[in-house]
Amino acid sequence: MDRRTQLCFLVQKELPDLNYCTMAGYIIREYKDTDYEAVRSMFTAGMLEHSPATRRFILKRPQIQMFLLGVLLAFFVIFKSYLLAITALVISIVAGRLYLDFEFQGYVQQCCKEDLLDIQESYMKREGACFWVAESEEEIVGMVAAQPPQIPNGENTLELRRMSVGSKCRGQGIGKALCRTVIGFARERGCTAVILDTSVVQYAAHKLYESVGFQKGNSQIYPSFMGKVSNFGIIRFRYDIPAST
């Protein structure tokens, strides 16, 4: 065990309320103002990673394929040329891709103007909320937040938000440690469960949450009309915290 890891264990032992968590090569600690730019950059990069997977998911939907076939036939009827019809179809697909990328960028900008605009006010100074980062060699390699549900559900639950791990640091247990940090935070506050929402295309995230003990819900929420048409939904996961005996 190196000196830094020894120090982290000592801090956790002597000051457990600081919510420090240590594992090989990194620590999990509460957010500081000096993390601001790194956190926002990590969130942006993590969200934009999902754009290609979303495009593939949508293009594989039978209803979308039927729609594109209909578009191709319509263009052929109009232009009386297979080449022009195919060209027009390709242009339509490219336009759809640009629109989807625009939507992702718009969502990122919206988040950066909402809770990620002032992380201290949104999480660190808010009752029942917190924000953590995973740090390795003085670099931020992961992040996660927790707060009471944005839409009250009548239960004493906590919502896990803004989970992200840097692409070069995945597969090292950081995501699991971040999830368990939130679960521990919720347990300390007497919450009955931790909930989170994630899209249908975030397959790696689904496996991560299930490996920690989250259960996938059976229903989906559709963020827009196009989401419903393409069956691109949001899935809720839930981790039930056993009652203390």
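Let us look at the structure shown here. All residue numbers here refer to positions counted from 1 along the written sequence of the relevant chain. Per-residue local features are limited, in this predicted model, to residues with pLDDT of at least 70; the limit for side-chain atom pairs, both in listing and counting, is 80 or more; totals at the level of whole chains, interfaces and linings are taken over all residues. Each side-chain value is worked out from all heavy atoms of the structure, with water and hydrogens disregarded.

**Some remarks on the pairing of strand S4 (residues 139-147)**
At step 1: Extensive coverage of S4 is indicated by the burial of 8 of its 9 residues.
At step 2: The pairing of strand S3 (residues 130-136) with S4 spans 7 bridges and is classified as antiparallel. Pairing of Cys-130 across the sheet is with Ala-146, part of S4.
At step 3: Two strands pair if DSSP finds at least two bridges between them. What counts as a helix is a DSSP run of H or I of at least four residues, what counts as a strand is a run of E of at least two, and both are numbered from the N terminus. Connecting S3 to the next strand, S4, in antiparallel fashion are 2 residues, including Glu-137 with a positive phi near 50 degrees.
At step 4: Bridge count between S4 and strand S5 (residues 157-165): 5 bridges; the pairing is antiparallel. Across the sheet, the residue bridging to Ala-145 is Arg-161, located in S5. Under the scheme applied here, a residue whose accessible area is under 20% of the maximum for its type counts as buried, over 50% as exposed, and between as partly exposed, the area being computed with a 1.4 Å probe on protein chains only.

**Some remarks on the packing of helix H2 (residues 36-48) against helix H5 (residues 82-113)**
For any two helices packed against each other, the geometry is given by the interaxial angle and the distance between the axes.
At step 1: Lines fitted to C-alpha atoms define the axes, with helix axes restricted to the stretch in contact, and inter-axis angles between N-to-C directions lie between 0 and 180 degrees. Between H2 and H5, the least distance of the axes is 10 Å, while the angle of their chain directions is 155 degrees. The angle between H2 and H5 falls in the class roughly antiparallel. As for how H2 packs across H5, the hand of that crossing is right-handed. Along the contact surface, H2 presents Arg-40, Phe-43, Thr-44, Met-47 and Leu-48, while H5 presents Phe-104, Gln-105, Tyr-107, Val-108, Cys-111 and Cys-112.
At step 2: Tallied by class, the residues present in the contact of H2 with H5 amount to 8 nonpolar, 2 polar and 1 charged. Every angle not falling under 35 degrees, over 145, or within 65 to 115 is termed oblique; those three ranges are roughly parallel, roughly antiparallel and roughly perpendicular. A clockwise turn of the near helix away from the far one marks a right-handed crossing, whereas an anticlockwise turn of less than a right angle marks a left-handed crossing. Any pair of residues with heavy atoms lying within 4.5 Å of one another is described as a contacting pair. Gly falls in the polar group here, along with every residue not listed as nonpolar (Ala, Val, Leu, Ile, Met, Phe, Trp, Tyr, Cys, Pro) or charged (Asp, Glu, Lys, Arg).

**Some thoughts on the side chain of Ser-199**
At step 1: Here Ser-199 lies in strand S6 (residues 193-199).
At step 2: The class for Ser-199 is buried, based on a relative accessible area of 8%.
At step 3: Residue contacts for Ser-199: discarding those within four places in its chain leaves His-206, Phe-232, Gly-233 and Ile-234.

**Quick look at the packing of aromatic side chains**
At step 1: Stacked, edge-to-face and tilted labels apply to pairs of Phe, Tyr and Trp rings (six-membered ring for Trp) whose centres lie within 6.5 Å, assigned for plane angles under 30 degrees, over 60, and everything in between, in that order. Throughout the structure, instances matching the rule amount to 8 aromatic pairs.
At step 2: Ring plane angle 20 degrees and centroid distance 5.9 Å describe the contact between Phe-75 and Phe-79, whose orientation is recorded as stacked. Of the two residues, Phe-75 and Phe-79 are both situated in helix H4 (residues 62-79); the distance of 4 residues between them amounts to about one turn of the helix.
At step 3: Centre to centre, the rings of Tyr-209 and Phe-214 are 5.8 Å apart; their planes meet at 65 degrees, and the pair counts as edge-to-face.
At step 4: The class of Tyr-209 is buried, set by a relative accessible area of 6%.
At step 5: Positioned above the aromatic ring of Phe-57 is the side chain of Arg-61, whose terminal nitrogen or guanidinium carbon lies 4.1 Å from the ring centre. Either the NZ atom of lysine or the CZ atom of arginine qualifies as a charge over a ring when it sits within 6 Å of the ring centre and within 35 degrees of the ring normal.

**Looking at the pairing of S3**
At step 1: The element S3 is largely enclosed, with a buried count of 7 among its 7 residues.
At step 2: Burial along S3 is two-sided: Cys-130, Trp-132, Ala-134 and Ser-136 and Phe-131, Val-133 and Glu-135, pointing in opposite directions, are all buried.
At step 3: With 4 bridges connecting them, strand S2 (residues 26-30) and S3 associate as antiparallel partners. By the bridge assignment, Arg-29 is partnered in S3 with Val-133.

**Regarding the pattern of salt bridges**
At step 1: Salt bridges are defined by distance alone: a side-chain nitrogen of Lys or Arg within 4 Å of a carboxyl oxygen of Asp or Glu. Under the counting rule described, the total for this entry stands at 11 salt bridges.
At step 2: For the salt bridge of Glu-135 with Arg-29, the shortest nitrogen-to-oxygen distance reads 2.8 Å. Taken as a pair, Glu-135 in strand S3 and Arg-29 in strand S2 lie far apart in primary sequence, 106 residues in all.
At step 3: Salt bridges sharing partners connect three or more residues here, namely Arg-29, Asp-35 and Glu-135.

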